[in-house]
Amino acid sequence: MSVRVCHGPATRARTAAVVGATMLAALLGVSSCMVPATPAAPRAVSRTASSLPSTPQSSTAQSPPPVSTPAAPSAATPNATAPSTAPVAPPTPPPNPLAGKVVVIDPGHNGANAANPAAINKQVPDGAGGTKACNTTGTATNDGYAEHAFTWDLANKLKSLLESKGITVVMTRQDDDGVGPCVNVRAQIGNDAHANAVVSIHGDGAAAGSHGFFCMTTALAPGGAAIKAQSAGLAGKVRDAIAANGVMPVANYEGTNGVNGTRSDLAGLNLSIVPTTMCELGNMRSAIDSAIQKSDTGRAQIAAGLANGVFAYLAG
Ligand code: ZN
């Protein structure tokens with residue numbers, strides 16, 4: 001009786017019959033039945049959890065493993081499939097906020113101005129109700145490095161840096177051996193281009209003890225209050241960038257912390273209706289500044305500062 005009960009369910013029954021028979025055998029005092037009954041347990045649960053052969057007594061004991069076991073794969077599955085699908089999607093390049101922007105670079109003066117006084121002394125509107133000379137010869141270092149050559153080289157270095165970022169550059173003159181153009185024409189070039197920014201490049205001719213750079217905006221508001229504020233923003237960004245790269249300090253003789261917005265005698269600024277700044281990038285009569293201006297490395301650093309200032313302004 002006891003042998004038949006114990007072995008019968010172990011080989012034929014699968015779940016409840018095993019439990020019932022085992023319990024009955026236990027009640028009858030047939031302790032040897034517990035040994036052959038155990039092989040039936042792994043058979044009953046082997047489909048779900050091979051590590052749980054000792055749970056014949058209830059379905060609640062079986063519930064946790066099936067719940068927790070699928071939970072891990074299901075959580076891991078999305079993570080595992082995400083990387084495999086990511087390469088399939090085409091990468092989206094970040095937008096270039098500078099692409100399509102237009103910057104006008106105005107290299108001060110020109111190489112043949114000195115030889116053509118009649119042309120450059122012609123009077124043109126100054127944007128403040130009066131007139132002034134079409135252009136000037138510009139200054140030079142004490143040993144003859146001319147301002148027009150300095151501004152021309154600097155402008156071309158700046159042009160390359162801006163164009164490398166997708167900016168469209170318009171120059172107010174195309175060479176360094178011509179005459180002019182007049183200051184009112186230079187301003188008109190920026191206006192006609194609907195420039196996002198105009199940067200006019202100069203070297204100053206102040207007293208020998210004066211040194212450093214500064215950027216100017218007009219005290220007038222030819223383009224309205226909004227453009228006036230944008231010009232101030234442009235000047236500030238350029239000032240920040242040049243000061244940050246350390247090529248030369250802000251001027252010790254004009255402006256406040258490298259910016260001067262109080263002048264109304266600069267026709268090129270007075271006639272511009274787009275954001276514009278004019279920078280005096282060192283004093284050519286200063287031994288300190290002229291050494292930087294005459295150095296190709298120094299000019300490259302100044303150009304980098306100008307470019308970074310323009311980038312910061314346009315990106316803002
Ligand atoms: Zn100048």
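Use the structure listed above.
Heads up: these notes are all about the structure in this document. Just so you know, these numbers come straight off a predicted model, no measurement behind them.

Definitions and cut-offs
- Residues numbered from 1 in each chain as written.
- Predicted model: local features only at pLDDT ≥ 70, side-chain atom pairs only at ≥ 80, totals over all residues.
- Heavy atoms only, no water.
- Disulfide = S-S within 2.5 Å.
- Helix = DSSP H or I, 4+ residues; strand = E, 2+ residues; numbered from the N terminus.
- Buried < 20%, exposed > 50% of the residue type's maximum accessible area, 1.4 Å probe, protein only.
- Salt bridge = Lys/Arg side-chain N within 4 Å of Asp/Glu carboxyl O.
- Donors = N, O, S within 2.8 Å, 3.2 Å for Na, K, Ca; no water.
- Axes fitted to C-alpha atoms, helices over the stretch in contact; angles between N-to-C directions.
- Parallel < 35°, antiparallel > 145°, perpendicular 65-115°, else oblique.
- Left-handed = near helix turned anticlockwise from the far one by under 90°.
- Contact = heavy atoms within 4.5 Å.
- Pairing = 2+ DSSP bridges.
- 1 Å grid on protein atoms, 1.4 Å probe; cavity = no way out; pocket = protein on both sides within 12 Å on 5 of 7 lines; lining within 4 Å.
- Points joined across faces, edges and corners; volume = space filled by probe spheres on them.
- Nonpolar A, V, L, I, M, F, W, Y, C, P; charged D, E, K, R; others polar.

Concerning the state of the cysteines
Then, number 1: Enumeration over the complete set of coordinates arrives at 2 disulfides.
Then, number 2: Paired by a disulfide, Cys134 and Cys182 hold their sulfur atoms 2.0 Å apart. Disulfide Cys134 to Cys182: torsion about the S-S bond roughly -95 degrees, handedness left-handed. Of the two residues, Cys134 is situated in the loop between strand S3 (131–133) and helix H7 (147–163) and Cys182 in the loop between strand S4 (168–171) and helix H8 (183–192); the sequence distance between them amounts to 48 residues. Judged on exposure class, the residue Cys134 and its partner Cys182 are both buried.
Then, number 3: Between the sulfur atoms of Cys215 and its disulfide mate Cys279 the distance is 2.2 Å.

A look at the pattern of salt bridges
Then, number 1: Per the counting criterion, the structure on display carries 11 salt bridges.
Then, number 2: A salt bridge links Arg263 to Glu254, with the shortest nitrogen-to-oxygen separation between them at 3.1 Å.
Then, number 3: Overall, the relative accessible area of 23% leaves Arg263 in the partly exposed class.
Then, number 4: Through salt bridges with shared partners, one network takes in Asp153, Lys157, Asp296 and Arg299.

A few points about the coordination of the zinc ion
Then, number 1: Looking at the zinc ion, one finds its protein donor set to be His109 (NE2), Glu147 (OE) and His202 (ND1), positioned 2.0 to 2.1 Å from the metal centre.
Then, number 2: Donor residues binding the zinc ion come from one chain and are separated in sequence as H-x37-E-x54-H. Of the two residues, Glu147 sits in helix H7 while His202 sits in strand S5 (residues 197–204), which places them 55 residues apart along the sequence. Take Glu147 and His202: they sit in the same class, and that class is buried.

Section: the packing of helix H9 (residues 225–245) against helix H12 (residues 296–315)
Then, number 1: Interhelical geometry of H9 versus H12 gives an angle of 140 degrees and a closest axis separation of 7 Å. When the interaxial angle is binned, H9 and H12 end up oblique. Our pair here, H9 against H12, has a crossing hand that is right-handed. Contacts between H9 and H12 pair Gln230, Gly233, Leu234, Lys237, Val238, Ala241, Ile242 and Asn245 from the former with Gln301, Ala304, Gly305, Leu306, Asn308, Gly309, Val310, Ala312 and Tyr313 from the latter.

A word on the sheet that holds strand S7 (residues 259–263)
Then, number 1: Strand order across the open sheet formed by 6 strands is S4-S1-S5-S8-S6-S7, with mixed pairing between neighbours. The sheet terminates laterally at S4 and S7, the two strands that pair on one side only. Pairwise comparison of adjacent strand axes, ignoring direction, gives a mean angle of 25 degrees for this sheet.
Then, number 2: Alignment of strand S6 (residues 214–218) against strand S8 (residues 276–283), held across 3 bridges, turns out to be antiparallel. Looking at the pairing, Cys215 lines up with Cys279 of S8.
Then, number 3: In the packing of H12 onto the sheet, contacts are made with strand S1 (102–107), S5 and S8, and the angle to S5 comes to roughly 155 degrees.

Structural notes on the layout of surface pockets
To find the voids left in a structure, one rolls a probe of water-molecule size over its atoms.
Then, number 1: When its volume is computed, the largest pocket comes out at roughly 530 Å³.
Then, number 2: Lining the largest pocket are 33 residues, and of these His109, Val183, His202, Leu266 and Met278 lie nearest its centre.
Then, number 3: Those elements that provide at least two residues to the lining of the largest pocket are S1, S3, H8, S5, helix H10 (267–270) and S8.
Then, number 4: The dominant element in the lining of the largest pocket, judged by the number of residues it contributes, is S5, at 5 residues.
Then, number 5: Here the lining of the largest pocket is composed, by residue class, of 11 nonpolar, 15 polar and 7 charged.

A short note on the side chain of Thr217
Then, number 1: Secondary-structure assignment places Thr217 in strand S6.
Then, number 2: A relative accessible area of 7% places Thr217 in the buried class.
Then, number 3: Those residues in contact with Thr217 that sit more than four places away from it in its chain are Ser231, Ala232, Ala235, Asn260, Gly261, Thr262, Arg263, Leu269, Thr276 and Thr277.

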